[in-house]
Amino acid sequence: MPATHRHPALLTLGWILGTAYAWAASDVPASPPELVVPRVDRAPMLEDFLEMKPSRAWEDRLANVEGFTQRLPSDGAPSSQRTEAYLGYDDVNLYCVFVAFDSEPQKVRAHMLPRDNVTGDDKVDLFLDTFHDHRRAFVFTTNPLGIQMDGLWNEGRVQQYDRSFDTVWQSRGKLTPQGFVVWMAIPFKSLRFPSTHEQSWGIVLIRWIPRVNESATWPWVSTRIEGRLNQGATLKGLENISPGRNMQLIPYGFVRSFRALDTRDPLQPHFVSDRAEPDAGLDGKFVLKDSFALDVTLNPDFSQVESDEPQVTINRRFEAYFPEKRPFFLENPGFFETPINLFFTRRIADPQFGIRLTGKKGPYAIGALLADDESPGKSVPVGDPLHGQRAGFGIVRISRDLFGQSSVGLMFTDREFGDGFNRVGSLDGRFKLTRNWLASGQAVASSTRLTDGSEMAGPAYKFRLRRDGRQFYYDLDFNDRSPGFLTQTGFITEDSVERPLQGGREIERPSLRTDIRSVGQFASYRFRPEGKYLISWGPNVFLNPIWDHQGTRLDMYHDYSMTWELTGATLLELFYVADRELLRPKDVAGLAENRTFSHHRQGVYFETSYHPRITFRGEYSRGTLINVVPPTGQQPALANLTRSEASITVRPLTLLSVDSAYLLERLTDRGQGGSIFNNHIIRSKWGWQFTRELSLRVILQYNAILANPARTRLETTKNFNADFLFTYLVNPWTALYVGYNGNAQNIDLVPTATGSELLRTNYFTHDARQFFVKFSYLLRF
């Protein structure tokens, strides 16, 4: 049979293994318990529990929870450390106090860290499923010093934990000779829940002990069952509560001095500057009927948002993914999530206004957004008909809950710019088949008119079948995207594989694009000796053939690895990756005819948090890769590849955290061994958390592409960026920021007869710098 029509029998892999290991889910928790929380006439305080028990004034006045059970590493075993929790409520707040005993209290990990960054420390979680629909939950987390992290849990979604959610609540924590105590007060005004006389919520409590890789829960939330909220307890006793009137206004004032290089017109690049540019804006939030939130932003500013984590982006044929970090676009992304990513908020680069409605009523959930974007009109030279015009975005998503944790949904997106538009409609569904198997799918159609008048249209489809369990994990991902499909509001070039809870390196995949049919399958199995040093080990396999719509195979991608999980949050993985890839003239500029390349790499991945003050991750691999950026007039060719990534987090002091990373990608000629290019990226982030409110962040990043013009058309470029930010943060919206950002490149602006031009040099020129002061204040009614 010709290779272009050879369809490997991959679809049976998951079913065979799933049947073989069905016995792995035999021991599961009993029916979740019910917890009745009492009303109290005054608030309990942290000091009432510092003796590791309630003070006499609070004996028998609060609901008491104990008997935490391990989820990891020994699912179903009693927690290695005793934990108790005490809950009560009044008209304003829900109170939760964790009393965490530790037989080795000196080993408790606790640092003074920025808000939302307690990774690596001991911590406790409070999950509140306020609609008790097993789909979404508010998550409130603190470390032993009371440093906060909050988020939203979206059950069964690709990004289940959304840490971008922020709200106002109170927390305190203190280390004791027997462990630590944490106190939380969650205002009902900060939650969304049904407008009923008596509430019925879901609740899960979790304690994390990183030095022994342990998470312990109440009630028992087993890894043998897919999902967490479906295993949660029922919280009763909350009566006559309401968020009440909840309106938030967050005005901000901003002033900056800047100098930057304007390169919109390549024939006349020039510097622009302003000594003192004032600005102002307003964010607002209005809670409607206790269940819906209306968010509005006018002239938003994101100067305080830190730069993206480094990625190697050269010698890539497709767009790299950088996650969203801007506050307005981060909240409630789960309301817009579908199997195919049709709404990627970074497509809205420079908004001047935005309005978003999210919420749930009965079985229906809705998300809607309107926004503009000035960046398309700013990116073209003065005199272009599109200069100064704005793009408009409209997004609507409606979903309905079905039986169990299943749901169906509709979505429509629209982007308008000039005479062009991109409109996309879709139908999707998510179906919980059994306690371990989950299926989802989506059908999409798009219609597009580009600004040059050309038009295109086409459908796209996605089907996913996933099994999640303690030992066996399987994921089948089928994608079909027609040549005419396009989403200008979404991101479709997926290039990584979701892994199960065991963790490990990021598994790459051939980028999903248009005019393809792709069948990706990932399977892993874990043997779990759970010994003194070795917790689990096992193989992982990922296979991904891709064809175009004419039946020509474009990729045959393989990834095989073996993983060992050790105590001290330590993991070792050996891997081998191979791809047989077809390049066509329409894929790579200058390619004369279809050519097939077989390339591979093998390597090792290692991560550890064994030392309480150090976290390390590293990956090293060698092999071959296609040079898709050869000199003009030459054909792509196979080259030798060396790839290395390393990151380390060091916390030498309780108040100081240092994150450093180094990335290297090197391509060399296979025949003569000469260099094609070396890409070095070095980044170091220093954070001083002087108090819970006051902090200093310093980010230094260097990116160099050292290119050999005889073997690549890339230029040698060097870029250095420095970012300094003082922050006084009372809550996520009341804050003072004072910052400076400077950038330098190996360029020079040289006058010419017609204007000026940029030339690459051996020295650095400051091409951008900014100093700013920003103040925002939360007004809550």
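### A short note on the overall build of the protein
Reasoning step 1: On a plain count of helices and strands, the protein comes out with 3 helices and 41 strands.
Reasoning step 2: Taken along the three principal axes of its C-alpha coordinates, the protein extends 85 × 70 × 50 Å.
Reasoning step 3: Among the 781 residues that make up the protein, the fraction classed as buried is 54%.
Reasoning step 4: Just so you have it, the protein exposes about 33100 Å², and 58% of that area is on carbon and sulfur atoms.

### A closer look at the pairing of strand β15 (residues 247–262)
Reasoning step 1: Note that β15 and strand β16 (residues 270–288) share 15 bridges and pair antiparallel. Paired with M247 across the strands is F286, a residue of β16.
Reasoning step 2: The sheet contact formed by β15 and strand β41 (residues 779–780) spans 2 bridges and is antiparallel. In the strand pairing of β41, Q248 is matched with R780.
Reasoning step 3: Two elements, β15 and strand β40 (residues 755–776), share 9 bridges in a ladder whose sense is antiparallel. In the strand pairing of β40, A260 is matched with A768.

### Re the side chain of T615
Reasoning step 1: One can find T615 in strand β33 (residues 614–627).
Reasoning step 2: T615 sits in the buried class, given a relative accessible area of 14%.
Reasoning step 3: One polar contact links T615 to S609, side chain to side chain, over a distance of 3.1 Å.
Reasoning step 4: In this structure T615 touches T608, S609, S647, I648 and T649, once residues within four positions along its chain are discounted.

### A word on the pattern of salt bridges
Side chains bearing opposite charge may pair, as long as their charged atoms lie close to each other.
Reasoning step 1: Under the definition given, this model contains 49 salt bridges.
Reasoning step 2: R356 is the salt-bridge partner of D295, the closest N and O atoms lying 3.4 Å from each other. Placement of D295 in strand β17 (residues 292–298) and of R356 in strand β18 (residues 353–361) is noted, with a sequence separation of 61 residues between them.
Reasoning step 3: Classification of R356 as buried rests on a relative accessible area of 3%.
Reasoning step 4: For R517, the salt bridge identified is with D480, shortest N-O distance 2.9 Å. Remark: D480 occurs in strand β25 (residues 472–481) and R517 occurs in strand β28 (residues 516–525); sequence separation between them is 37 residues.
Reasoning step 5: One network of salt bridges, in which partners are shared, links D102, E104, K107, R207 and R211.

### Some thoughts on the nonpolar core
The tendency in soluble globular proteins is for nonpolar side chains to be buried side by side.
Reasoning step 1: Of all hydrophobic cores here, the largest spans 37 residues; its most connected members are W201 and L205.
Reasoning step 2: Counting 24 residues, the second largest nonpolar core, distinct from the first, contains I348, A371, F417 and F485.

### Considerations on the sheet that holds strand β2 (residues 63–65)
Reasoning step 1: Across the sheet, which stays open at both edges, the 5 strands sit in the order β2-β4-β5-β11-β10 with antiparallel pairing between neighbours. Both edges of this open sheet fall to β2 and β10 (170–176), since each of them pairs with a single strand only. Shown here is a sheet whose adjacent strand axes are inclined to one another by a mean of 15°, direction ignored.
Reasoning step 2: One ladder, built from 3 bridges, connects β2 with strand β4 (residues 83–89); its direction is antiparallel. Residue pairing across strands places V65 opposite A85, the latter belonging to β4.

### Description of the confidence of the model for the protein
Reasoning step 1: On average, residues of the protein carry a pLDDT of 88, and 93% of them reach 70 or more.
Reasoning step 2: For the stretch residues 1–26, pLDDT sits under 50, and the model shows 43 contacts to residues farther than four places along the chain or on other chains.

### Section: the environment of D283
Reasoning step 1: Inspection of the secondary structure puts D283 in strand β16.
Reasoning step 2: Taking the C-alpha atoms as reference points, D283 and S776, separated by 493 residues in sequence, lie 9.6 Å from one another.
Reasoning step 3: In this structure, D283 is in contact with Q248, L249, I250, V296, T297 and L298, ignoring residues within four places of it in sequence.
Reasoning step 4: One polar contact links D283 to T297, side chain to side chain, over a distance of 2.6 Å.

### Considerations on the environment of Q199
Reasoning step 1: Turning to its location among the elements, Q199 is positioned in the loop between β11 (179–187) and β12 (201–209).
Reasoning step 2: According to the relative accessible area criterion, Q199 is buried, its value standing at 2%.
Reasoning step 3: Along the sequence, Q199 and T130 sit 69 residues apart, while their C-alpha atoms lie 8.2 Å from each other.
Reasoning step 4: Ignoring sequence-local partners within four residues, the contact set of Q199 consists of T130, F193, P194, L235, K236, L238 and I241.
Reasoning step 5: Within the local environment of Q199, its side chain forms a polar contact with the side chain of T196, the two groups lying 3.2 Å apart.
Reasoning step 6: At 3.0 Å, the side chain of Q199 forms a polar contact with the side chain of W201.

### Description of the packing of aromatic side chains
Reasoning step 1: Going through the model one piece at a time under the given rule, you end up with 19 aromatic pairs.
Reasoning step 2: With a centroid separation of 6.4 Å and an interplanar angle of 40°, the aromatic rings of F724 and Y740 are classed as tilted. Within this pair, whereas F724 is found in strand β38 (residues 717–729), its partner Y740 is found in strand β39 (residues 735–752), the two being separated by 16 residues in sequence.
Reasoning step 3: Judged by relative accessible area, which is 36%, F724 ranks as partly exposed.
Reasoning step 4: Within the aromatic cluster, the residues linked to one another by ring pairs are F188, F193 and W201.
Reasoning step 5: Positioned over the ring face of W58 is R61, at 4.4 Å from the centre of the ring.
Reasoning step 6: A cation sits over an aromatic face here: K774 above Y252, 5.0 Å from the ring centre.

### A word on a nonpolar patch on the surface
Reasoning step 1: A cluster of nonpolar residues, F690, L694, F726, Y728, V730, L736, F775, Y777, L779 and F781, forms a patch on the protein surface that exposes about 900 Å² of accessible area.
Reasoning step 2: Inspection of the secondary structure puts F726 in strand β38.

### Remarks on the side chain of D372
Reasoning step 1: Inspection of the secondary structure assignment puts D372 in strand β19 (residues 364–373).
Reasoning step 2: We classify D372 as buried; its relative accessible area is 4%.
Reasoning step 3: A distance of 2.7 Å separates the side chain of D372 from the backbone nitrogen of Q352, its partner in a polar contact.
Reasoning step 4: Within polar-contact distance, the side chain of D372 engages the backbone nitrogen of F353 at 3.1 Å.
Reasoning step 5: Non-local contacts of D372, meaning those with residues more than four positions away in its chain, are made with I348, D350, P351, Q352, F353, R390 and A391.

### As for the environment of R82
Reasoning step 1: With respect to the helices, strands and loops of the structure, R82 is situated in the loop between β3 (69–72) and β4.
Reasoning step 2: Distance in space between the C-alpha atoms of R82 and S103 is 8.9 Å, their sequence separation being 21 residues.
Reasoning step 3: If we ignore the near neighbours within four places in the chain, the residues touching R82 are V99, A100, F101 and R207.
Reasoning step 4: A polar atom in the side chain of R82 sits 2.6 Å from the side chain of E84.

### A look at the pairing of β17
Reasoning step 1: Across 7 bridges, the pairing between β16 and β17 is antiparallel. Across the sheet, residue G284 finds its bridge partner in β17, namely V296.
Reasoning step 2: Pairing of β17 with β18 involves 7 bridges; the strand directions are antiparallel. Bridge pairing in β18 links L298 to F353.

### Quick notes on unusual backbone geometry
Reasoning step 1: Cis geometry marks the peptide bond from L72 to P73, where omega comes out at -5°.
Reasoning step 2: With an omega dihedral of -10°, the bond running from W218 to P219 counts as a cis peptide bond.
Reasoning step 3: Assignment of secondary structure puts P219 in the loop between β13 (214–218) and β14 (233–236).
Reasoning step 4: Notably, H132 is not glycine yet its phi reads approximately 50°, a positive angle.

Cut-offs and rules
- Residues numbered from 1 in each chain as written.
- Predicted model: local features only at pLDDT ≥ 70, side-chain atom pairs only at ≥ 80, totals over all residues.
- Heavy atoms only, no water.
- Helix = DSSP H or I, 4+ residues; strand = E, 2+ residues; numbered from the N terminus.
- Buried < 20%, exposed > 50% of the residue type's maximum accessible area, 1.4 Å probe, protein only.
- Areas by Shrake-Rupley, 256 points an atom, 1.4 Å probe, with all protein chains shown as cover.
- Pairing = 2+ DSSP bridges.
- Polar contact = N/O pair within 3.5 Å; in protein donor to acceptor, adjacent residues only side chain to side chain.
- Contact = heavy atoms within 4.5 Å.
- Salt bridge = Lys/Arg side-chain N within 4 Å of Asp/Glu carboxyl O.
- Core = buried A, V, L, I, M, F, W, Y, C linked by side-chain atoms within 4.5 Å.
- Axes fitted to C-alpha atoms, helices over the stretch in contact; angles between N-to-C directions.
- pLDDT = per-residue confidence, 0-100.
- Phe/Tyr/Trp six-rings, centres within 6.5 Å; stacked < 30°, edge-to-face > 60°.
- Lys NZ or Arg CZ within 6 Å of the ring centre and 35° of its normal.
- Patch = residues over 30% accessible without salt bridge, like charges linked within 9 Å, V, L, I, M, F, W, Y side chains within 5 Å.

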